Amino acid sequence: MKFEEKVLTTKKLFHGVMLDLEIEEVQLPNQQKATREIIRHPGAAAIMPVTNDGRMIFVEQWREPLRQVTYEIPAGKLDQRDATPEDAAWRELNEETGFTSDQLTLVCQFFSSPGFADEQLWLYRADNIWPVEKQLPQDQDEFLQLHPLTLQEAKVKQQEGKICDAKTVIALQQWELAVTNNK
């Protein structure tokens, strides 16, 4: 069976700093028409910064759409400063945590919610981290507090609902898998 939908029309509804919103009218495989609401996003890079004593650094911040504080791995959208997702990961590691590393390792790539958004994320791991000599400025609307957590402490934060976003949940799973495989 063919699943591809044919785009008949596209209407751009909103162009913002972080995302764009479009409405598409598509023709389905059965020749019927449907409407698709699509968020266009440039993509993002996320980082699992692991300290030499085996903790991962999380950022605590307010998330207005959820109206709550969350604990997340450092991340940020790709923009004109970045030639590659890895460049964005290096920048975000510096900006949000004040740390750097010898290397970033790509762990996986995934789409945040392909039912309505085209946002792709690249998840990197940074081991052997140390403080940068010169920290890049955080975004003006960014207020963060760092928390180096053990895997068990992070799992408690997840049970408490503080770790609740997809990228950080995936990072926790990848971290636990790496810890299990190294035993």
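Described below are features of the structure shown in this document. Values in this document were obtained by computation on a predicted structure and should not be read as measured data. (Residues numbered from 1 in each chain as written. Predicted model: local features only at pLDDT ≥ 70, side-chain atom pairs only at ≥ 80, totals over all residues. Heavy atoms only, no water.)

The subject of this paragraph is the pairing of strand E6 (residues 68-72). Bridge analysis of strand E5 (residues 56-63) against E6 gives five bridges, and the strand direction is antiparallel. Directly across from Trp 62, in E6, lies its bridge partner Val 69. In sequence, E5 turns back onto E6 through a hairpin of four residues, with Arg 67 there showing a positive phi of about 55°. (Pairing = 2+ DSSP bridges. Helix = DSSP H or I, 4+ residues; strand = E, 2+ residues; numbered from the N terminus.)

With that settled, the discussion passes to the packing of helix H2 (residues 151-159) against helix H3 (residues 166-181). Interaxial distance between H2 and H3 falls to 11 Å at its minimum, and their mutual angle equals 150°. One way to sum up the angle between H2 and H3 is to call them roughly antiparallel. You can see that H2 and H3 cross each other, and the crossing is left-handed. Taken together, the residues of H3 that come into contact with H2 (itself represented by Leu 151, Ala 154, Lys 155 and Gln 158) are Val 169, Leu 172, Trp 175, Glu 176 and Val 179. Of the residues belonging to the contact of H2 with H3, the class tally is six nonpolar, one polar and two charged. (Axes fitted to C-alpha atoms, helices over the stretch in contact; angles between N-to-C directions. Parallel < 35°, antiparallel > 145°, perpendicular 65-115°, else oblique. Left-handed = near helix turned anticlockwise from the far one by under 90°. Contact = heavy atoms within 4.5 Å. Nonpolar A, V, L, I, M, F, W, Y, C, P; charged D, E, K, R; others polar.)

Turning our eyes to something else, we now look at the side chain of Glu 119. Relative to the assigned elements, Glu 119 resides in the loop between strand E9 (104-111) and strand E10 (120-126). Here Glu 119 sits buried without a salt bridge, and the closest side chain of opposite charge, Lys 167, lies 7.9 Å off (N-O distance). Reaching out from Glu 119, the side chain makes a polar contact with the side chain of Ser 112 at a distance of 2.7 Å. (Buried < 20%, exposed > 50% of the residue type's maximum accessible area, 1.4 Å probe, protein only. Lys, Arg positive; Asp, Glu negative; His and termini not counted. Salt bridge = Lys/Arg side-chain N within 4 Å of Asp/Glu carboxyl O. Polar contact = N/O pair within 3.5 Å; in protein donor to acceptor, adjacent residues only side chain to side chain.)

This part is about the packing of aromatic side chains. Two descriptors summarise a pair of aromatic rings, namely the distance from one centre to the other and the angle between the planes of the rings. Applying the stated rule across the entire model yields one aromatic pair. Plain terms: the ring middles of Phe 58 and Trp 175 are 6.4 Å apart, the flat faces sit at 45° to each other, and that makes the pair tilted. Of this pair, Phe 58 sits in strand E5 while Trp 175 sits in helix H3; the two residues are 117 residues apart in sequence, bridging distant segments of the chain. For the pair shown, Phe 58 and Trp 175 are each scored as buried. (Phe/Tyr/Trp six-rings, centres within 6.5 Å; stacked < 30°, edge-to-face > 60°.)

The three strands lie next to each other as E1-E2-E3, forming an open sheet whose pairing is antiparallel. Either end of the sheet is taken by a strand with one partner, and the two such strands are strand E1 (6-15) and strand E3 (33-40). For this sheet, the mean inter-axis angle between neighbouring strands, taken without regard to orientation, is 20°. Across eight bridges, the pairing between E1 and strand E2 (residues 20-27) is antiparallel. The partner of Thr 10 across the bridge, within E2, is Glu 24.

These figures come from the coordinates and say nothing about function on their own.
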